[in-house]
Amino acid sequence: MIFKSSTKKTLIALAVASSVMLSGCQSTASTSTEQPQATVASVASVVVTAADTGTTAITLEQAMAHPDWLGRQAERAFWAADSKTVVYAQKQQGNELRDLYTQAVNSQAASQVALNKLHTLGAANAVYSADRTVQAYVFEGNVFVKNINTGAITQITHDSAKQSKPQFLTDGNLAYRQGNAFYKVNLATGLQTEIANLHLSDAPEGIAEPATYIAKEQHKLIDYIALTHKNKKDKQARKEQLNAENSSIANAQFYLGKGNELADVQLSPNGKALVAVVKESRSWREDSDIMPNYIADDAGVKAEKVRRRVADEKPITSEVIYIDLVEQKQTTLAFDTLPGFDEDVLAAVKKENFARDGKTYESQKQPRAINLMMDWGWDQSAIVWNKTGTQVAMMLEAWDNKDRWLATVDVANSKLVSQHRLHDDAWVNYAYNDFGWLNNSDTLYYLSEETGYSHIYTKPLNGKASQLTKGQFVVSNLTLTDDDSAIYYKANVEHPGLYEIYRVDPANATSEQVTNLDGMTDYKLSPDQNKLLLTHSKIMAPPELYVADAKANTTATQLTHTVSDEFLAKQLIAPKIVAVPSSHNTEQPIYAKVYYPADYVEGESGKNRKAVIFNHGAGYLQNSHMGWSGYFREFMFHSLLASEGYVVMDMDYRASKGYGRDWRTAIYRQMGTPEIQDLADGVSWMAENANVDTGSVGTYGGSYGGFMTFMALFTQPDLFQAGAALRPVTDWAHYNGPYTSNILNHPDVDPIAYEKSSPIYYAEGLKNRLLINAPMVDNNVFFQDSVRLVQRLIELEKENFETAIFPVEPHGFVQPSSWLDEYRRIYKLFKETL
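Heads up: these notes are all about the structure in this document. The structure displayed is predicted, hence computed values, not measured ones.

### What about a nonpolar patch on the surface?
Here is step 1: A cluster of nonpolar side chains, Y294, I295, V301 and V808, forms an exposed patch at the surface whose accessible area comes to about 400 Å².
Here is step 2: As for its position among the elements, V301 is in the loop between β18 (290-293) and β19 (302-305).

Right, here's the structure in full:
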């Protein structure tokens, strides 16, 4: 991997044990002509951060007000078919409706699109013909095609049936899906043809022969019965003959099994085959999985339906069916050709849990439950055909979360062929799973964390894999050009919290930096592949749209200017990003944002500062980065606290995103242990570097951050003098399966991990002040979590906790009055205790 050295930023390789503060002023939108180094030290380089802004003091009421006052940023932006115009949504002032706008890339003016013209805009997931002259998309469930040269639009369907997934076939026809059926339309004649109709039922049995003794005798003795039976068989045979010999009749019925549901299905570009994946149809909940809603519109109590808990999940496996549309034949492909398909990958875990109960575990091989990969950030399918439709690949994962396979189909031998197996003793990441085919060869490209960081690889069908990107950084968001000359990607090469756009040539693994905006940058390649639509933000600046040429060292032009003057006028303290040395990890520091008090003087002494550590949610989320945070209310709250003399720290504790596999999996089977160790290091760092009194430190956070607040106060009761847990998890056995089972396995297999990781088991450790803020209609972390912990604290006769309930709020609060009430309580807690 080749990069040029940077002249814009001073890249300072630091010793692992060192600590550094990143300061300075942010750069403008113009970019450098130089590139950063591909490989950085364990503690990354110095990167510029923002200066404080504004002159008008922020108040708690303003910080928690409806975010309209910040400015209404562009949302869901995408390229129009002409590659000269962008389309984006913008929220209306004072309500939740969105309007759509178009803006030429050479203009600073946007035009609102009338409702009767919305169908003309195309779509973010529009598809293009092979020669890029025609675009197809779906609007409100109907299919449209647009001639890119003339702008002429043709509506292909006009009904209430809801079509989806348009795709151009290699013969020029346009295919689309309607329910579980696939159709193609000849764009020249308008003729619509049913390609395949998939039925989630068993195939019809036809005319059954008499089976019992008396039925057989009936056919022998009664001529009418025998004749009627013969006539039915003749009619059926004639129908089958007609279907086989008359091409004007649609004859593409396939039966995928009674009691199944369709997980995914993808049609080959040549229209000759389908790959369908089915699994047993199961309810997503049990009858007892309800959530009372006490503030209902009819003044009654509504029992809202909610998902089942991880403790109630049972293994489920899928069935891969290859359907040959030409031969009218379907074949089920077994998983037994995948390496490790029957390994007892949890043998050591089971042995430990058995031993605790005085039992002996005997390992044995048996087929594992396997399904399509579920990536939480994907906009692609887990089934991908090559450009010609002659090869298909799919990404599969084990239900136990330890393996991911990239497999192709050997059609001649009706079997799956493993092209790549990614095994992780902890869990395979539910992000960084992009994959596809190069356009001009039967070569796969994919992301893998096998080196410890997500990187790009290519692999010919019958060849060895090649690694295209290398280094201690994370690659994501892949886009391949039509000519295979480049794969564009997003990566944090220069610093874990700074994301730019790069591209790599698959032929020689040479990478180039494309953008150099200093912050958080996402991109979309234009249809003609000559431009990039960028969404870029900085620590102190919400996201705006930019456009740039799709080339190395590009210069970006800002398109939108949506941030309000009112927000720009607010006096806000810019956090500095620091690398806190870790006492439990010799390879990496703990990156954190630090908000210094307005009157702070570097080098001051006396250890008299009070401090707060904020714990971000989601576990696997990055917040100490150079872009605008989704925690914008918290950002303003932290600035307010800093203006009143607090030091505020926001840590990317172990398990956070953006730092590689080992950082992510440090919490395997021990959630709440590494993270709290990192918080303790944060407290020590503030004492040594920010004049903080370790006896005057509080902590708070929501969701996973609320869980961490519990674990900190319960397991290290002298670390913080107060804590606020918002919408908190108290018992992981009650949380959902897809998230929790990755980290803790399943409770029936690994109860040790759940007991070690759930705050309710440590409640007796509470010593200092605790505030629990619990929304009551939270269908993510149930209100029951807080109720059970409160009862436990009551039974333990704890006196220093209080609970605030929010009757109308879901997991993510909506009402400004609720936000204000919640943060007034947090503010009061810290004022009273620190």
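### Observations concerning the sheet that holds strand β13 (residues 181-185)
Here is step 1: Read from one edge of the open sheet, five strands run β11-β12-β13-β14-β15, paired in mixed fashion. Among the strands making up the open sheet, the edge pair consists of β11 (163-168) and β15 (253-255). Pairs of neighbouring strands in the sheet enclose a mean axial angle of 20 degrees, with direction left out of account.
Here is step 2: The pairing of β13 with strand β14 (residues 192-199) spans five bridges and is classified as antiparallel. Pairing of K184 across the sheet is with T193, part of β14.

### Thoughts on the side chain of T157
Here is step 1: Along the chain, T157 falls in the loop between β10 (153-155) and β11.
Here is step 2: At a separation of 2.9 Å, a polar atom in the side chain of T157 contacts the main-chain amide nitrogen of V143.
Here is step 3: If we ignore the near neighbours within four places in the chain, the residues touching T157 are G141, N142, V143, Q163 and Y176.

### Brief notes about empty space enclosed by the protein
A water-sized probe rolled over the atoms picks out the places where empty space is left.
Here is step 1: Inspection of every chain in the model, using the stated rule, returns three cavities of 30 Å³ or more.
Here is step 2: Lining the second largest cavity are 13 residues, with K593, Y595, S629, Y631 and F635 positioned closest to its centre.
Here is step 3: Of all the elements in the fold, those that place two or more residues in the lining of the second largest cavity are β41 (590-595) and α6 (632-643).
Here is step 4: Counting residues per element, the lining of the second largest cavity draws most heavily on α6, which supplies four residues.
Here is step 5: Residues of the lining of the second largest cavity, tallied by class, amount to seven nonpolar, three polar and three charged.

### Some words on the environment of G94
Here is step 1: Inspection of the secondary structure puts G94 in the loop between β4 (85-91) and β5 (98-104).
Here is step 2: Accessibility expressed as a relative area gives 65% for G94, which makes it exposed.

Rules behind the numbers
Residues numbered from 1 in each chain as written. Predicted model: local features only at pLDDT ≥ 70, side-chain atom pairs only at ≥ 80, totals over all residues. Heavy atoms only, no water. Patch = residues over 30% accessible without salt bridge, like charges linked within 9 Å, V, L, I, M, F, W, Y side chains within 5 Å. Areas by Shrake-Rupley, 256 points an atom, 1.4 Å probe, with all protein chains shown as cover. Salt bridge = Lys/Arg side-chain N within 4 Å of Asp/Glu carboxyl O. Helix = DSSP H or I, 4+ residues; strand = E, 2+ residues; numbered from the N terminus. Pairing = 2+ DSSP bridges. Axes fitted to C-alpha atoms, helices over the stretch in contact; angles between N-to-C directions. Polar contact = N/O pair within 3.5 Å; in protein donor to acceptor, adjacent residues only side chain to side chain. Contact = heavy atoms within 4.5 Å. 1 Å grid on protein atoms, 1.4 Å probe; cavity = no way out; pocket = protein on both sides within 12 Å on 5 of 7 lines; lining within 4 Å. Points joined across faces, edges and corners; volume = space filled by probe spheres on them. Nonpolar A, V, L, I, M, F, W, Y, C, P; charged D, E, K, R; others polar. Buried < 20%, exposed > 50% of the residue type's maximum accessible area, 1.4 Å probe, protein only.

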